[in-house]
Every structure is written in structure tokens, then in C-alpha cells.
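Notes for the structure review
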Amino acid sequence: MSYSALAVLAVVGVLVVDLVVYRTRMVTRRVFWVAYAIIVTFQLLMNGVLTGLDVVVYDPGTIWGPRIAYAPVEDLLFGFAMVTLTLASWAAVNRRANTPRRRGFDTDTRRSSTR
Amino acid sequence: MQQLTYLGLLAGCLVVTAPLELVLRVRVYARWRRLLVAVVPEFVIFVCWVLYAIDQGHWSYSGTRTLGIRLPGGIPVEEILFFLVVPLCSVLALEAVRKVTGWNAGYPADQAGSGR
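Reference entry: report on the structure contained in this document.

Cut-offs applied
Residues numbered from 1 in each chain as written. Chains lettered and ligands numbered in written order. Predicted model: local features only at pLDDT ≥ 70, side-chain atom pairs only at ≥ 80, totals over all residues. Helix = DSSP H or I, 4+ residues; strand = E, 2+ residues; numbered from the N terminus. Buried ≥ 20, exposed ≤ 12 C-beta atoms within 10 Å, placed from the backbone. Contact = placed C-beta atoms within 7 Å. Core = buried A, V, L, I, M, F, W, Y, C linked by C-beta atoms within 7 Å.

**Remarks on the overall build of chain A**
Helices and strands together make up the secondary structure of chain A, namely three helices and three strands. Put simply, chain A runs from its N terminus to its C terminus through helices and strands in the order α-α-β-β-β-α. By the burial criterion, 39% of the 115 residues in chain A qualify as buried. Counting only contacts in chain A whose residues sit at least 6 apart along the sequence, the fraction spanning at least 24 positions is 59%.

**Some thoughts on the overall build of chain B**
From N to C terminus, chain B includes three helices and three strands. Projecting the C-alpha coordinates of chain B onto the three principal axes gives extents of approximately 45 × 30 × 20 Å. Every one of the 116 residues in chain B was classed for burial, and the buried ones make up 33%. Summarising the internal contacts of chain B: among those between residues at least 6 apart in sequence, 72% fall at separations of at least 24.

**What about the environment of R95(A)?**
Relative to the helices and strands, R95(A) is located in helix α3 (residues 74-98). Along the primary structure R95(A) and T24(A) are separated by 71 residues, whereas in three dimensions their C-alpha atoms are 8.7 Å apart. Those residues in contact with R95(A), other than ones at most four positions away along the chain, are G106(B) and Y107(B).

**Comments concerning the nonpolar core**
Counting residues in each nonpolar core, the largest one holds 47 residues, and the members touching the most others are A35(A), A81(A), L87(A), V91(B), L92(B), A93(B) and L94(B). The set of elements that each furnish at least two residues to this core consists of α1 (3-21), α2 (30-52) and α3 of chain A together with α2 (32-56) and α3 (77-101) of chain B. Per-element accounting of this core gives the leading share, 14 residues, to α3(A). Judged by nonpolar contacts, the second largest core, of seven residues, contains M46(A), L50(A), V55(A) and L9(B).

**Remarks on unusual backbone geometry**
The phi dihedral of R23(A) falls on the positive side, at around 55 degrees, and the residue is not glycine. Take R23(A): it is sitting in the loop between α1 and α2. Located in the positive-phi region is R27(B), a residue other than glycine, with phi close to 60 degrees. Tracing the backbone through its elements, the reader meets R27(B) in the loop between α1 (5-22) and α2.

**Here's the deal with the environment of M82(A)**
Structurally, the position occupied by M82(A) is in helix α3. Residue class for M82(A) comes out buried when judged on the 24 C-beta atoms lying within 10 Å of it. In this structure, the C-alpha to C-alpha distance between M82(A) and V11(A), residues 71 residues apart in sequence, is 8.8 Å. Contact partners of M82(A), with chain neighbours within four places excluded, come to E42(B), F46(B) and V86(B).

Below, the structure is given as C-alpha cells:
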């Protein structure tokens, strides 16, 4: 599979994980998109250096062609999938850890340290 | 010095985001165990992706702008660190926006001292 095809597949996969598997619904939240706007700015900067200085070199046959700040546009999809998967997983882990369990119905007898 | 290009960028990411933990006190490093758990799916999937991409020749890495330490599959050690550093910085950014704005992120806010 080409880089382009994998990148599109990754975005679809991550949306399914966020909306259906974890149900963290990060992509529906304002806090996510503002954070993502900050992250993507730094991504373009870092990606620009990595590809501009030829730290990473792409095979032209595996990408669509258009580039943003030296990097193939596919990198935006790659980055979006990577960041969204991370933040959705972080939300899922914290939702589990920070939600107070009901007293008496708690199968975990260790005293909750979140309160 | 050239060989430190990629590693230097990663170090830069950590330096730039450090004030979020040290000054804004978002408590992401403080919750390092949760962070490790949260990074596992991303790390496994994207490292596999890179190994496939290297194998298929989708992209390659400079020998002069990296340390030159290659792990099995030909992945540079910096690229492994990338999939740990970038998620860490992303979580720092999310927690910073959340702390400053108070917007809902879908899970209860962490309270000081509860980091596990």
C-alpha cells in the first residue's frame, strides 16, 4: 500500500477508535481542536526542518505530490492520526482513573486516591 | 554536530514544552504511569507503520543527520524517541489548553496529589 493510502486509512481508523471503541469523542471537543491547532503549528515547523534538511527523504512514487513546508501533505494525516490516537487514549486512561467508583459496589478494594 | 540534527529537534520539543509542567503545572509528567499506558497503542501502531514504510521504501533517513544507530528493521533510534516525545508534548498541549480554558475534555480533571 502507498503512503497516501495508509495515511487515509489511519485517519479513518483513529476516528473509529475515538468515536466507537473508546467513545472518548475527542474530535467533537473544542479543547481538542484548539490543542490540535497548537500541535499542528509545531508539527509543520519540525516537519519542515526534518524534510527541508533531508533528515527524512520520501519516495515520490508513494505520495500524491503536493507539499506543505517541504513535507508531503500525507504527513498531516499521519500526524493527525498519531496525535488523535494519543489524546483519545490519554482521555480513556484518565476517565477510568479519575472517575470515583461507587462505594460498596467497588470491586477494587484499594482506597481511591483520586479524592 | 550534523549528526545531532534529529536528536536536537526532539530535545527542543521537550525544552519548549517543559514550562507547561513546571510553571502551568499541568501534571502530565507527574502522571507518568498513565502517560505510559496511553502511549502504548500509538507507539505500537506507528512503529509498525515506520518498519513497513522502511521495508517498502516509502521513506528513508539520512545517515549524516542522525546518530547512525539503527535498530532492527533499520529504524533510527531518534525515530523511536519521536513516537514517545511527540505524544508527550501533545498531551502537555491538551492539558495546558484544558487548564487555561476549563473546557470539558470528557474526563474529570486531575487533582494535585492523585497522579498515579
